[in-house]
Structures are given as C-alpha cells and as structure tokens.
Amino acid sequence: MSKNLVIVESPAKAKTIKKYLGDDFEVKSSYGHIRDLSKKNLGVNIEKNYLPDYIIDEEKKKIIKELKDAVKKAEITWLASDEDREGEAIAWHLAEVLGLKEKNAKRIVFNEITKTAIQKAVENPRWIDYNLVNAQQARRVLDRLVGFELSELLWKKVKGATSAGRVQSVAVKLIVDRENEIKTFKSTSSYKITAEFEFLTDKKQKAQLKAEANIKIDNKKDAIKILEEFKESKFTVSDIKVKATKRSPAAPFTTSTLQQEASRKFGFSVSRTMTLAQKLYENGKITYMRTDSTNLSNDAIGKCKNYIETNFGEKYLNIRQYKTKVKGAQEAHEAIRPTEMKIKVSTDANEQKLYELIFNRTLASQMSDASFDKTTITIDASKSETELIATAEVLKFDGFLRIYNYTDIENEDEENQVIPAVKKGQNLDLQRATALEKYTNPSARYSEASLVRKLEELGIGRPSTYAPIISTILKRAYVIKSNIDGTPVKINEITLKAGKITEKEKQDTKGKEKNKFIPTDVGSIVTGFLAEHFTNIVDYDFTATVEKDFDEIAEGQAEWTKIIDKFYKNFHTNIQDTMEQAVKVTGERLLGIDKESGKNVYAKLAKYGPVVQIGETTDKEKPKFASLKKEQSIETLTLEDALKLFNEDRNGRPLGIEPKSKRPVFARIAKYGPIIQIGTYDDEEKPQFANLLKGQNIDTITLQEALNLFTLPKDLGEYEGKNVVVGIGRFGPYVRHNNKFVSLKKTDNPLEITLERAIELINEKAEADNKKLLKEFSKDLKIIKDRWGKPTIFYKKKYYKLAKDADIEKITEEDCMKIIND
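An account of the accompanying structure is given in this report. (Residues numbered from 1 in each chain as written. Predicted model: local features only at pLDDT ≥ 70, side-chain atom pairs only at ≥ 80, totals over all residues. Heavy atoms only, no water.)

Points about the sheet that holds strand 34 (residues 798-801)
In step 1: The strand order across the open sheet formed by 4 strands is 31-32-33-34, and the pairing between neighbours is antiparallel. In this open sheet, the two strands that pair with only one neighbour each are strand 31 (773-776) and strand 34. The sheet shows a mean angle of 30° between the axes of neighbouring strands, direction not considered.
In step 2: Note: strand 33 (residues 791-795) against strand 34, 4 bridges, orientation antiparallel. Within strand 34, the position partnered with Phe 794 by the bridge is Tyr 799. (Pairing = 2+ DSSP bridges. Helix = DSSP H or I, 4+ residues; strand = E, 2+ residues; numbered from the N terminus. Axes fitted to C-alpha atoms, helices over the stretch in contact; angles between N-to-C directions.)

Brief notes about the side chain of Glu 547
In step 1: Relative to the helices and strands, Glu 547 is located in helix 15 (residues 540-554).
In step 2: Reaching out from Glu 547, the side chain makes a polar contact with the backbone nitrogen of Gly 461 at a distance of 3.2 Å. (Polar contact = N/O pair within 3.5 Å; in protein donor to acceptor, adjacent residues only side chain to side chain.)

Description of unusual backbone geometry
In step 1: Between Leu 712 and Pro 713 the backbone carries a cis peptide bond, its omega angle lying at -5°.
In step 2: Looking at where Pro 713 falls in the secondary structure, it is placed in the loop between helix 18 (703-708) and strand 27 (714-719).
In step 3: Of note in this structure, Glu 720 is not a glycine but carries a positive phi near 55°.
In step 4: With respect to the helices, strands and loops of the structure, Glu 720 is situated in the loop between strand 27 and strand 28 (722-729).

Notes on the packing of aromatic side chains
In step 1: For the structure on display, the rule yields 18 aromatic pairs.
In step 2: The interplanar angle of 75° and the centroid separation of 5.9 Å between the aromatic rings of Tyr 54 and Trp 92 together place this pair among those described as edge-to-face. Residue Tyr 54 is located in strand 6 (residues 54-56), and its partner Trp 92 is located in helix 3 (residues 85-98); the two are separated by 38 residues in the primary sequence.
In step 3: Within the aromatic cluster, the residues linked to one another by ring pairs are Tyr 50, Phe 534, Phe 542, Phe 567, Tyr 568 and Phe 571. (Phe/Tyr/Trp six-rings, centres within 6.5 Å; stacked < 30°, edge-to-face > 60°.)

Examining helix 15
In step 1: Taking 1.5 Å as the rise per residue, helix 15 with 15 residues should run 21 Å; its terminal C-alpha atoms sit 22 Å apart, in good agreement.
In step 2: Every buried residue of helix 15 is listed here: Tyr 540, Thr 543, Ala 544, Val 546, Glu 547, Asp 549, Phe 550, Asp 551, Ile 553 and Ala 554.
In step 3: Next to the buried residues of helix 15 lie helix 3, helix 5 (130-157), helix 6 (166-184), helix 12 (448-458) and helix 16 (560-581).
In step 4: Its side-chain oxygen placed 3.2 Å from the backbone nitrogen of Asp 541, Asp 539 serves as the N-cap of helix 15. (Expected span 1.5 Å × (residues − 1). Buried < 20%, exposed > 50% of the residue type's maximum accessible area, 1.4 Å probe, protein only. Contact = heavy atoms within 4.5 Å.)

Looking at the pairing of strand 14 (residues 427-439)
In step 1: Pairing geometry for strand 9 (residues 189-200) and strand 14, over 10 bridges, is antiparallel. For Lys 192, the partnering residue across the bridge sits in strand 14 and is Leu 436.
In step 2: Alignment of strand 11 (residues 235-247) against strand 14, held across 2 bridges, turns out to be antiparallel. When the sheet's bridge partners are listed, Phe 235 is paired in strand 14 with Leu 428.
In step 3: As paired elements, strand 14 and strand 16 (residues 487-497) share 4 bridges and run antiparallel to each other. Along strand 16, the bridge assignment pairs Thr 434 with Thr 495.

A word on the pattern of salt bridges
In step 1: Going through the model one piece at a time under the given rule, you end up with 43 salt bridges.
In step 2: Taking the shortest distance from any N to any O, the salt bridge between Glu 88 and Arg 126 comes out at 2.8 Å. Of this pair, Glu 88 sits in helix 3 while Arg 126 sits in the loop between helix 4 (115-123) and helix 5, and the two are 38 residues apart along the sequence.
In step 3: What makes Glu 88 buried here is its relative accessible area of 0%.
In step 4: Here Asp 565 and Lys 569 are joined by a salt bridge, their closest N and O atoms 3.3 Å apart. Taken together, the residues Asp 565 and Lys 569, both in helix 16 and 4 residues apart, mark about one turn of the helix.
In step 5: Among the residues examined, Asp 565 registers a relative accessible area of 24% and is labelled partly exposed.
In step 6: Ionic contacts of the salt-bridge type, sharing partners, join the residues Glu 179, Arg 445, Glu 513 and Lys 516 into one network. (Salt bridge = Lys/Arg side-chain N within 4 Å of Asp/Glu carboxyl O.)

Details of the side chain of Thr 273
In step 1: Checked against the element boundaries, Thr 273 lands in helix 9 (residues 270-282).
In step 2: Ignoring any residue separated from it by four or fewer positions in sequence, one finds Thr 273 in contact with Leu 258, Gln 259, Ala 262, Phe 268 and Leu 354.

Thoughts on the sheet that holds strand 26 (residues 688-691)
In step 1: In spatial order, the strands read 23-24-25-26; together these 4 strands make up an open sheet with antiparallel pairing. With partners counted over all chains shown, the strands left at the sheet margins are strand 23 (653-657) and strand 26, one partner each. Strand-to-strand twist of the sheet, defined as the mean angle between neighbouring strand axes without regard to direction, takes the value 30°.
In step 2: Across 4 bridges, the pairing between strand 23 and strand 24 (residues 664-670) is antiparallel. Looking at the pairing, Pro 654 lines up with Phe 666 of strand 24.

Regarding the nonpolar core
In step 1: Grouped together as the largest cluster of nonpolar side chains are 141 residues, with contacts concentrated most on Phe 110, Leu 150, Ile 286, Leu 354, Leu 451 and Phe 571.
In step 2: If you tally residues by element for this core, the top one is helix 5, at 11 residues.
In step 3: In contact with Phe 571, other than residues within four places in its own chain, are Leu 145, Val 146, Glu 149, Leu 150, Phe 534 and Ile 537.
In step 4: Grouped together as the second largest cluster of nonpolar side chains are 29 residues, Phe 197, Ala 390, Ile 419 and Ile 494 included. (Core = buried A, V, L, I, M, F, W, Y, C linked by side-chain atoms within 4.5 Å.)

Details of the environment of Asn 214
In step 1: The residue Asn 214 is located in the loop between strand 10 (206-213) and helix 7 (220-231) in this model.
In step 2: Relative accessible area serves as the criterion here: at 42%, Asn 214 is assigned to the partly exposed category.
In step 3: Along the backbone, Asn 214 and Pro 442 are 228 residues apart, and their C-alpha atoms lie at a distance of 23 Å.
In step 4: The contacts of Asn 214, once residues within four sequence positions are left out, are Thr 386, Glu 387 and Ile 389.

Shown next, in the form of structure tokens:
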C-alpha cells in the first residue's frame, strides 16, 4: 500500500509524474473537473450571497468512489493540479468532495513536469490558495449569471436557441465592428512609381538597380506628368547613406504569442495549438502552456547559455531577462519553454513542429542581436523634382537569426535587393519606369491569431480563455471562418520604356482574404441588440475592468461576492426592463415586391435562421419562406437573389444522381433541421428523406456521404430474440430494441456501429432504467427517479410530481391514480 496519493487532472500527466516518484507514491487522475454548477435553474443561490450550487457529474461518480477509496488507504494526499486559477479550483473541489484537510493533504504546484520540479514541489508543499479559488469562482458564477439571463432574453426577443456569454459577446462585437468598418470604407486610388536602372561598374560590368519614387501620386494625370519629366531627364546618384542597424530577438512565448505564431507559420487553429502544447507539457517536454509571463528561470537561462556556447560560440550569447508587459499576468510565472535543450522530443509531426518553434524562440531570446548595414541611395532626375530611393539591407552578423530565420520574423515580406557597387555622382540609364495604380484597403478581418492579439491588447480574457472563446463563438454560429474572394477591380499601369509612354488596363482583386472571421446574420443582430440594451456587456473597457476585478480577488484585495453583487444588481434590473419594454428583433428588411404575387418580399431572422418571406403574417394566405444560403446576408441580399431562393429552396442544393433510381439528390433545410432528399416534389413517386449526422453540413456533404444515410435504419441482428435496429431520428442517432429506443453516444457512428456495441448500449440503458425504477404497479404506471433524482409518478409517458415527504414504500396504486386525476 502506498503511503502517498497524488491526484492530477489528466491521465497523461499522471503517467509522466509517476516516473519521477518512488514506490511510496500512487498517482491517480480526476479526469478534469469533478463537479460544476448545477444546470438546474441558475446553479447560483442569489439570496444566499451568490452561493454556488455545485453538483457532481454522473460520469464522475465512479472516479470519485475510486479516489475516496485511495484516500482512505493513503497517509497523505497530494493535490497536484495545474498552478493557474482553474487548477487551484480543481484542487479545492477535490478537497471538498474527498473530505481532505490540511492535516492529511497537501497542495503542490510546478510549471514543468520534470524530476527536479516534482521533487522541489514535494519538498515545498502548501495548502489551497483560496484567493485563486475565489477568483475562479467569481468568473464561473458571473459567466453563469450573465449567460443564463441573457440567453433567456435572447430566446424571447431575437431567436430561439440563441445564447450569449460575457466575454464571447465582446469577441463577436470586435468581429461585427470590423465588418461594419469594411462595409463603410471608401477605397481611394493612388499611383506608385518604380524605376529600373542600369549602369557600368568600375570593372565595366553591367549592373541593375531598382528604386521607388519618394512620394505618393494621387491621380493618373500627375503620374503621367512625372513620367513625361523622366522621359527628358538624366539620372544621377546624388547621395549614398550607410547606417548600421540591429534587430533584437522576440521574447519567449506566452500563450497568446504561441497561438499567433503557430497560426501564422503552420496554419494551426488556436485550439489545435493548445491541444498539442498540452500533450507536450503533460509528457514533460515544455513548461506550463497557459501563461502570460515572458520570464525565464535562472536554470532555463543557464541551459540556454550552455547550448549556445557549445553549438554557436560565445559571440552568439547575450543573456536577457524579459519583463511581462501584460497587466495582471496571473497564470504561471514563466514563459513557455523546453524543459531540456533537446531538439527531437516527439514522433508526432505536428507536436515536433510546435516544439521546435518553442525551442527556437526560447534559444533565440538569449542570443546576440543581428546586425545589418542599411544602405539608402537617392537618385535625382534632371528634369523633375521627384526623387527616387533605392534601399537594401546587408546582413553583417546573423546573431539570433542563425536559429530563428530571417523569414520567420513577422511581417517580413518586403523585397530586399543586393546593392551593387555604385558611387555618388554615378550616372544611371533608365530602363523602365512604371506608374501602377493601387487601391487602399480597409483593416483586414480578424484571423484567429489577430483576434487573440486584439483580446490580449484590450485586456479581455486570460491565457486559459482564448481558445474556449473562439470555439464557442464558432459553435454558436455567431461567426464563421471563410475565404473572401474579394472584388475584381480594373487598375491602370502606365509604363515609360525606350522613350515611349504606354498605358494598359489590368485586372486586380481588392479585399481578398483567407480563413478570416465573418459575422453571421444572427451574430450581427444579437450584437446590435446587446449594444442597444446592454452597453457595458459589449463594452471593451468594461470587460477589461471585470478582468482586473478578478485579478484583485486572486491577489486577496477584493471579496468575490461583493464584485459579483456590484455588477449583478444593475444587470438583473436591466434584464427585467428589457424583457418588458424591448420589441422582438428580426433584422427585417423590405427588399421589394414580388411581381408574380404582388406581395412584399422581406429578409429577416426567423426561428431556424435567416429567411426570405413573401407576404405578410397577417394575410389570410400564409406567407412563403425560403432559407438564405450560407454565404448570403440579410443586409446585402438583393430582391433578385431572394426570389431565386424560392425556386432552389424547395429541393435544396443538388449533390448528384442516385445510381439505382436515377433520381436527383439534394441537401436542404427542412422544418426540423438539415436533411438529404432523393427525388423532387414534381415526381410521381414521393421524395425520400434522411437526417444528417452531427458534424455533417448541407454545404459540404458529398453525394456518397448523403447516399450512405439511406442505408439507415439498418438491422444489426438479434438480441434476446428481438431485432436490433440502428437509425437516425428527429433527436439524433438511436438503437431500437424491443420497442425501446437508446440514444447513441457522441463517439458512436450509426453507419459503423456493430451489434456488440449496440448490445452494450441497450444493457447500459436497461441498467440505468432499473436504477431509476423505485416501484412498478403495471406496464403503464411506475414510480421512478426523475433526471434530478427525485421520486416521480410515470404514467402513460407523462410525469406527475410527488410530495417531498412521500413514503415510496407505503404509496399505493390508488394513491398514484388520485394524484394523477387531481
């Protein structure tokens, strides 16, 4: 029997830690949080000073039993969850549920899973930091209060199944505001003049030089005037300046800078980066990955020093200690870095790629500056006041660029030329001069990386929240990630060559972007509604102030319930007033009149999303509706495109032809959600329908994937003399056996499920039903536990409440029927 029990939050972390502890230590995992706020009502008792109502998840009860048994056998229990606020909250929940006190338990923290760090943590234990716990509780409770009450309001005033969160709403507003900026942006054109010269060097060799006019030309007339002047000019080098410059390495990674760099270099999503970083941390390869500190420990700096001196030499070494710029940095006390200076740590290609990025960034931070000679050459035109400038940088000493390549530096996209040996007073022959028209562009839409950067810049959210913020706003369909094709524009190119000026028109694309956030109609309408009625919820400064309040709680400078109370009272009053006074928002827009029916055509937000409506809801004849396509918007939809939807919407998006029947296959939205349809309404034979699986989308599903859905329902075989059938219904995939339905788990694919797995699910459901059954009078009349564990009468598929003090043993069939009849 082990004297010591160590509890961590992940099995992978447990496995790594076990390697560094002796036989006296048993290491177990809690598999994340063991309890959370109750989903019944608010989960917070406002009258009792915002007392949280924590409940244990049904799936965690088995784990808790195992942990309780292990605690009884151990002399000391060590709570070793992560060192940030969320980790501290996990440790506190474990202590509360397992009945741990300071006399029989200790709290240990470390920011890397190495033998040295683990042993040091064990030698320096502490107890739970309640300030950190309360800061996390404050965040969780405030987010629940805001989310619960706002969502209820949005259901009634905007659209059903719509929800909102405190920080997520601000992130969506950033995206909506940027989209509005782009829509109102007025693009202007200007001309940029470039020139290509040729001259003879001292060795009588031909050399080339490229230069650019030092002014921006506003219009075509002025551009032609300058080229006319160049046509008559002689060109001379009037000045050469050489300036020594340096470039310093960036600080080691924080969570946000790692997310930004991995997105820019590898195209990783924020959640993908964090998943890979989590694995590297749990396997002991990097330090804790949720941090806003750029600090490196003395031990880490020492390891970098040894590596640099051994592999590159002393001249490449420049020890630095970076200071964290983010106010209220509250996570780990060190940057993300390798635990050991090893290059190869993983067989997984993406893990290794991310690790090398962290390795190089850490090492580069302790290396010498890169030094350059920047040369600027000024060229005079004899018949023009417009000067031309040629610039170039020559790398003199690579320094940190030896490991963190020049092209890795962000925004390094300028063309760099090698300056040939040219002298002041040198005459140059003009080969070509070009005036190219350019259009100004608005600020770019947000990518995942730039959104994280903006949130951090505004002080909104913390390292542990960036990934959940992005995944939530995508999941709620407030925004989508998409490629923007841009708008075709015609631009003028005016060229001076061999003494002649020619013009030609070229095709260019303005506003083209890749993989950027675009707000949906729902996101824009909800944001507008919140901005009108709840200014502070979507106010950037207010949201940042709330984060500072959480920081004060973590530092023991504020009481968490008072912070909540200060916000909630005004917020709740605002909710009540808005519920009473605000009108339902649909974003309705009159597009024009349908000539065929003579009725008005509207674009609006309906229960299941954006639609086009022909006719009025008050007409005797019901209005017609058609769903907008994914790429369409209420705000920009034209009457012509709206009317086209009524021809397309009845059948949906064509996918191809079903081989056997030769009938067309469509994907479309029906009354209860997305479906696949074989055949049309004009056929003699009625169309066939199949529901899409979770994760499938009518815009991306292929013909083969669609046809596979029609293999359901499918007979899997027999169990206990009855057929087992798998299918997809209105509420999702199911297994049917003996006239009873069992829902499939999220991990089960109805197209691939086996009879054996189906039997497992049937038995699990039967076992769960038996546990729920308290008393059975007949097939139709039973007393069972409801979803909250309370005794309830179940009669002919309906539920009837029992009194709290009802004695189940004594209650009769007649008693039940009386309650039902009453």
